[in-house]
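# Structure assessment
As a plain string of letters, each chain reads:
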Amino acid sequence: MQSETGTADSPNHRDDIVGVLLAGGLSSRMGGPEKSLLDLGGRPMLRRVLDRMEPQVGQIAINANGDPARFAAFRYPIIADAIPGHAGPLAGLHAGLLWAQREAPAARYVATASADSPFVPLDLVQRLADAIRSSGKPCAIAAHAGEKYPVAGLWSINLADAAADALARNMRALYRFAEANDCAIVEFPALSLADISVDPFFNVNTPEEYEQARAICAAATNLGAL
């Protein structure tokens with residue numbers, strides 16, 4: 001059993017962990033608009049994710065490709081993929097790991113979340129960190145109702161080279177990378193927003209899912225849960 005303070009290589013306090021929101025997708029199923037900037041209950045969806053993730057990490061950056069000016073209002077570092085071609089979420093993680101190594105010398109882990117998942121759990125990072133600490137594994141990902149959500153993960157910065165190697169082999173899916181690196185899996189319950197039960201990793205990929213998210217936000221706001 002490890003002590004409360006953990007070890008030098010285990011996540012222990014916020015300065016050890018930086019957050020990276022993955023917003024590098026093409027929003028193709030939304031028909032073109034930058035989905036993370038869509039209004040959700042009077043705030044951009046990205047702002048909602050930031051508000052839920054910021055208290056959980058020491059600092060935060062946004063992984064996004066294309067013109068970074070579209071995120072200028074948020075005043076966070078914008079990091080593009082280190083490799084060309086919109087190579088998927090693994091490329092976003094890779095970029096985040098490299099950024100953490102350069103800009104956050106105290107960091108030992110990178111917590112990732114999707115910029116289009118507006119209900120990400122407020123205890124996401126703590127529970128993933130606990131799983132890494134207890135298992136000794138280099139990464140942990142979230143699951144809900146038996147489905148894995150590798151975009152919601154916590155990753156040792158020492159995985160940067162492994163991510164680069166995987167990308168060189170044309171691996172793009174985070175779940176494959178997580179499995180290859182023996183990740184821990186943490187099951188999260190449904191999010192209870194007053195009397196509304198919500199998948200905590202619900203993400204907005206289509207116009208229909210956007211309308212669902214708007215309805216959830218409206219109902220939860222009316223009940224004082226958001």
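As shown above, the structure is provided for reference.
Being a predicted model, the structure only gives us computed values, none of them experimental. (Residues numbered from 1 in each chain as written. Predicted model: local features only at pLDDT ≥ 70, side-chain atom pairs only at ≥ 80, totals over all residues. Heavy atoms only, no water.)

### A short note on the sheet that holds strand β5 (residues 78-79)
Consider a sheet: its strands pair through backbone hydrogen bonds, and that pairing is either parallel or antiparallel. If you trace the seven strands from one edge of the open sheet to the other, you get β5-β4-β1-β6-β8-β7-β9, paired in mixed fashion. The open sheet has two edge strands with one neighbour each: β5 and β9 (184-187). Contacting β1 (17-22), β4 (59-63) and β6 (109-114), helix α1 (residues 45-53) crosses the sheet at an angle of about 165° to β1. (Pairing = 2+ DSSP bridges. Helix = DSSP H or I, 4+ residues; strand = E, 2+ residues; numbered from the N terminus. Contact = heavy atoms within 4.5 Å. Axes fitted to C-alpha atoms, helices over the stretch in contact; angles between N-to-C directions.)

### Quick look at the nonpolar core
Core analysis: the biggest nonpolar cluster contains 34 residues, and Ile 17, Leu 21, Leu 46, Met 53, Leu 124 and Leu 154 have the highest contact counts within it. Contributing elements (two or more residues each) for this core: β1, α1, β4, β6, α3 (124-135), β7 (139-144), β8 (147-156) and β9. If you tally residues by element for this core, the top one is α3, at six residues. One finds Val 18, Leu 90, Leu 159 and Ala 166 within the second-largest nonpolar core, a separate group that totals 29 residues. (Core = buried A, V, L, I, M, F, W, Y, C linked by side-chain atoms within 4.5 Å. Buried < 20%, exposed > 50% of the residue type's maximum accessible area, 1.4 Å probe, protein only.)

### Digging into the packing of aromatic side chains
What the rule picks out here adds up to four aromatic pairs. Measuring from centroid to centroid gives 6.3 Å for Phe 119 and Phe 202, while their planes differ by 45°, and the two rings are tilted. Of this pair, Phe 119 sits in the loop between β6 and α3 while Phe 202 sits in the loop between β11 (196-198) and α6 (207-222); the two residues are 83 residues apart in sequence, bridging distant segments of the chain. Each member of the pair, Phe 119 together with Phe 202, is buried. With a centroid separation of 6.0 Å and 35° between ring planes, the pair formed by Trp 155 and Phe 177 is classed as tilted. (Phe/Tyr/Trp six-rings, centres within 6.5 Å; stacked < 30°, edge-to-face > 60°.)

### Focus on the pairing of β7
For β7, a buried count of six out of six residues is recorded, marking the element as mostly surrounded by other parts of the structure. Pairing of β7 with β8, which is carried by six bridges, proceeds in the antiparallel orientation. Opposite Cys 139, over in β8, you have Trp 155 as the bridge partner. Sheet topology note: the β7/β9 ladder contains four bridges and is parallel. Across the sheet, Ala 143 pairs through a bridge with Glu 187, a residue of β9.

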